[in-house]
Amino acid sequence: FRKLLLATGIAAALLAPVVAATSASAQEVKTRIIRFGYGLSESSNQGRAVKYFAEELSKRSGGKFKMKGFGDASLGNDIQMQNALIGGAQEMMVGSTATLVGIVKDFGVYDLPFLFNNEKEADAVLDGPFGEKLLKALNDKGLVGLVYWENGFRNLTNSKRPITKLEDMGGIKLRVMQNPVYIDMFNRFGANAVPLAFSELFTALETGTVDGQENPVTTIQSSKFYEVQKYLTISRHVYSPWIVLASKRWYDGLSADEKKIVHEAAAASREFERKDSREASAQSVAYLKEKGMQINELSPAELDRMREMVKPAFDKYAADGGAEILKEIQAAIAAARK
Ligand code: TF8
């Protein structure tokens, strides 16, 4: 019996530090249920990245972080979800930066037309000090900006006619995001800009409430807009970022270890999402053609005319309180081009 006691004692002594270490780190990473909302379908590039993010969170937390994705705006549109995060009723989401302008006005600067020439410039600016600064600006508003994902360069679709020159946009009722920069831009192009939540867009196109819309080709594919839109014009008029957000209320309750897991998983998701979206984007045009869309590019001369025409949009943006942030992003882009 003595021998047994001794053996147990030794075993306990040997085990003690291990047990203590496990329980200490277990205390710092708790079981967490994370509701992650998004607007596109599960099979979209957005849906794939949400799934990847969930897997990364699970892996990095030893299965403690259980993130569930809710696609198709089933938890609400971008603006509704932002408010749910602020109130603490939902933990995370991904959506367009463009719909954040009601919370941090400076996000509108990304929506100015023809700002970025390519993805590489966008990555450098978004992941650099400029993009970081805008993420930080959300902290006072009850949100934590984790990372930017790529939505992509936006292109025009409509059901009326091919758009080969500026004048072709005349009178087209074009759905835009709920954002003053977009409304101003498309009205200048001669279209009739109609702000609408993305979740209402397919029906609006189907019923003819609007004639057209603009989004990256990946979204035109995954949201099946080819079923209700005949013409696609590759215009690449704006590079559109997505932003992964967390509720600050929720985030503030996490331990340092848990916050680290969230940030590392988010960074991994960004790399996955951009690579995946770019690969998907390269396939989309052929897919849309096969689905019967009539597709055209805009000539360089026509693109120059468009650029010329929307120049005053930059002046208006500056005059409306955006002068400082506009200067900053232009400097960041110039640096990225070097
Ligand atoms: C739009 C955006 C959307 C995304 C998505 C809902 O046109 O591009 O597709 O914000 O997250 O509203």
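As a starting point, this report considers the structure included with it. Fair warning: this is a prediction, and the values are worked out from it, not measured in the lab.

**Quick notes on the pairing of strand β9 (residues 231–234)**
Looking along a regular strand, one sees the side chains alternate between the two faces of the sheet.
At step 1: Residues Y231 and T233 line one face of β9 and the alternating positions L232 and I234 line the opposite face, and both faces are buried.
At step 2: As paired strands, strand β5 (residues 155–158) and β9 are joined by three bridges and run antiparallel to one another. Each residue of the ladder has a partner; that of N158, found in β9, is Y231.
At step 3: As paired elements, β9 and strand β11 (residues 294–297) share four bridges and run parallel to each other.

**A few points about the environment of A137**
At step 1: Topologically, A137 is positioned in the loop between α5 (129–136) and β4 (143–153).
At step 2: Through-space distance from the C-alpha of A137 to that of V104 is 7.1 Å; in sequence the pair is 33 residues apart.

**A closer look at the packing of aromatic side chains**
Two measures describe an aromatic ring pair: the distance that separates the ring centres and the angle between the ring planes.
At step 1: What the rule picks out here adds up to twelve aromatic pairs.
At step 2: Look at Y110 and Y148: their rings are 5.8 Å apart centre to centre, the planes differ by 80 degrees, and that puts the pair in the edge-to-face class. With Y110 in the loop between β3 (92–96) and α4 (119–127) and Y148 in strand β4, the pair connects residues that are 38 residues apart, well separated along the chain. Across this residue pair, the class does not change: Y110 and Y148 are buried.

**Description of the packing of α5 against helix α11 (residues 300–337)**
Relative placement of two packed helices is described by the angle separating their axes and the distance separating the axes.
At step 1: For the pair α5 and α11, interaxial distance at closest approach is 9 Å and the crossing angle is 145 degrees. Residues F130, K133 and L134 of α5 lie in contact with α11, whose contacting residues are I325, E328, I329 and A332.
At step 2: For the contact of α5 with α11, the class distribution of residues is five nonpolar, no polar and two charged.

**Considering the sheet that holds β3**
At step 1: With mixed pairing, five strands are arranged side by side in an open sheet as β2-β1-β3-β10-β4. The open sheet terminates on both sides in strands that have one partner only, identified here as β2 (65–70) and β4. Recorded for the sheet is a direction-independent mean angle of 20 degrees between the axes of neighbouring strands.
At step 2: Bridge count for strand β1 (residues 32–37) against β2 is six bridges, and the pairing is parallel. Each bridged residue has a counterpart across the sheet, and for G37 the counterpart in β2 is F70.
At step 3: Contacting β1, β2, β3, β4 and β10 (239–247), helix α10 (residues 256–290) runs over the sheet at an angle of about 5 degrees to β4.

**What about the site of the ligand?**
At step 1: The ligand sits among 13 residues. The nearest are Q46, N151, R154, R175 and N215.
At step 2: Measuring from an oxygen atom of the ligand, one finds a side-chain N or O atom of R154 at 2.9 Å.
At step 3: In the model, an oxygen atom of the ligand is placed 3.4 Å from a nitrogen or oxygen of the W242 side chain.
At step 4: Taken by itself the ligand offers 320 Å² of open surface, and the protein chains cover 98% of this.
At step 5: Taken together, the residues that form the shell around the ligand break down as four nonpolar, six polar and three charged.

**As for the side chain of Q46**
At step 1: If you trace the backbone, Q46 turns up in helix α2 (residues 45–60).
At step 2: You can call Q46 buried: its relative accessible area is 2%.
At step 3: Side-chain polar atoms of Q46 contact the backbone nitrogen of G39, separated by 3.5 Å.
At step 4: A polar contact is formed between the side chain of Q46 and the backbone nitrogen of L40, at a distance of 2.9 Å.

**Regarding the environment of F314**
At step 1: On the secondary structure map, F314 appears in helix α11.
At step 2: Residue F314 is classed as buried on the basis of its relative accessible area of 16%.
At step 3: Among all residues touching F314, those that are not within four sequence positions of it are L112, P113, L115, L326 and Q330.

**Here's the deal with the pattern of salt bridges**
At step 1: The full count for this structure, using the stated rule, is 27 salt bridges.
At step 2: A salt bridge links D123 to R274, with the nearest nitrogen and oxygen atoms 3.5 Å apart. Here R274 lies in helix α10 and D123 lies in helix α4, a separation of 151 residues in the sequence.
At step 3: Look at D123 and you get buried, because its relative accessible area is 17%.
At step 4: Owing to a relative accessible area of 5%, R274 belongs among the buried residues under this scheme.
At step 5: Within this structure, D123, D127, E150, R270, E271, R274 and R278 form a network of salt bridges that share partners.

Cut-offs and rules
- Residues numbered from 1 in each chain as written.
- Predicted model: local features only at pLDDT ≥ 70, side-chain atom pairs only at ≥ 80, totals over all residues.
- Heavy atoms only, no water.
- Buried < 20%, exposed > 50% of the residue type's maximum accessible area, 1.4 Å probe, protein only.
- Helix = DSSP H or I, 4+ residues; strand = E, 2+ residues; numbered from the N terminus.
- Pairing = 2+ DSSP bridges.
- Phe/Tyr/Trp six-rings, centres within 6.5 Å; stacked < 30°, edge-to-face > 60°.
- Axes fitted to C-alpha atoms, helices over the stretch in contact; angles between N-to-C directions.
- Contact = heavy atoms within 4.5 Å.
- Nonpolar A, V, L, I, M, F, W, Y, C, P; charged D, E, K, R; others polar.
- Near = heavy atom within 4 Å.
- Polar contact = N/O pair within 3.5 Å; in protein donor to acceptor, adjacent residues only side chain to side chain.
- Areas by Shrake-Rupley, 256 points an atom, 1.4 Å probe, with all protein chains shown as cover.
- Salt bridge = Lys/Arg side-chain N within 4 Å of Asp/Glu carboxyl O.

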